[in-house]
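# Commentary on secondary and tertiary structure
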Amino acid sequence: GAGVSQSPSNKVTEKGKDVELRCDPISGHTALYWYRQSLGQGLEFLIYFQGNSAPDKSGLPSDRFSAERTGGSVSTLTIQRTQQEDSAVYLCASSSPSGGGESSYEQYFGPGTRLTVT
Amino acid sequence: AQSVAQPEDQVNVAEGNPLTVKCTYSVSGNPYLFWYVQYPNRGLQFLLKYITGDNLVKGSYGFEAEFNKSQTSFHLKKPSALVSDSALYFCAVRDGGKFYFGSGTKLNVKP
């Protein structure tokens, strides 16, 4: 079946511009996560959606970052007034809910969006 | 506070030798532990997980990991390394719905 997809795969933008990154999770997965991976670094948690619950935004680094998830499926991560330190690979992952059998809690990652702010 | 530590930035091993990639964790309550692998220019892939039950869990590509509660460790192991195992490996712990990842360990398997 189809995996997690992300678009665009690469984005180059000028400092100060806004960008939108899109994530299409695996159908039926109720949990969706956004992470940031800087060069040579681990994964930094940004935000987590679970079903219809309020998202956990505790990892968003500043109020320039926001995310929404429409209809419990597609998610968009928006970065306003981009800065050079925002340059990184942004990863999206989805997972099935607890009680979902053998694959419970396993995250399935998309290929990422490489963001470069010039 | 929840955290995951991978003390080695890089592990070098010869093909055919056993390999170990170390991970220790700190989390309140019972840990849900995971290993993921990231091959060059590819996304992260799930390898294995420990939720409950047997402390030795087996996963993809011949990898296994041992949960040690007293040492709060979840080291990744493979009896015989392959050159194709060369990649970046991440340990993660799930707590309250969120996942905390280690900084990653680069595994180099030399022919």
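What you see is a predicted model; the values in this text were computed from it and never measured.

## Quick word on the pairing of strand β10 (residues 113–117) of chain A
Residue and element names in this part refer to chain A.
- Judged by which residues are buried, β10 turns out to be one-sided: Thr113, Leu115 and Val117 face inward and are buried, whereas Arg114 and Thr116, on the alternate face, are not.
- Here strand β2 (residues 10–13) pairs with β10 via four bridges, running parallel. Bridge pairing in β10 links valine 12 to threonine 116.
- Summarising the sheet, strand β8 (residues 88–95) and β10 pair through three bridges and their orientation is antiparallel. Among the inter-strand pairings, valine 89 is bridged to a residue of β10, identified as arginine 114.

## Some words on the confidence of the model for chain A
- Per-residue pLDDT for chain A has a mean of 90; in total, 92% of the residues score no lower than 70.
- No element of chain A has a lower mean pLDDT than strand β5 (residues 43–50) of chain A, at 92, and none a higher one than strand β7 (residues 75–79) of chain A, at 98.

## Section: the nonpolar core
- Ranked by size, the top nonpolar core spans 28 residues in total, and within it B:Trp35, B:Leu47, B:Leu48, B:Phe74, B:Leu76 and B:Tyr89 carry the most contacts.
- Listing elements by their share of this core, those giving two or more residues are β2 (10–14), β3 (19–21), β5 (32–38), β6 (44–50), β8 (64–68), β9 (73–78), β10 (87–95) and β12 (105–110) of chain B.
- The leading source of residues in this core is β10(B), at four residues.
- For B:Leu48, the residues in contact, after removing those within four places along its chain, are B:Leu33, B:Phe34, B:Trp35, B:Val57, B:Lys58, B:Gly59, B:Phe63, B:Glu64, B:Ala65, B:Phe74 and B:Leu76.
- Counting 20 residues, the second-largest nonpolar core is a separate cluster that includes A:Val19, A:Ala67, A:Cys92 and A:Val117.

Analysis parameters
- Residues numbered from 1 in each chain as written.
- Chains lettered and ligands numbered in written order.
- Predicted model: local features only at pLDDT ≥ 70, side-chain atom pairs only at ≥ 80, totals over all residues.
- Heavy atoms only, no water.
- Buried < 20%, exposed > 50% of the residue type's maximum accessible area, 1.4 Å probe, protein only.
- Helix = DSSP H or I, 4+ residues; strand = E, 2+ residues; numbered from the N terminus.
- Pairing = 2+ DSSP bridges.
- pLDDT = per-residue confidence, 0-100.
- Core = buried A, V, L, I, M, F, W, Y, C linked by side-chain atoms within 4.5 Å.
- Contact = heavy atoms within 4.5 Å.

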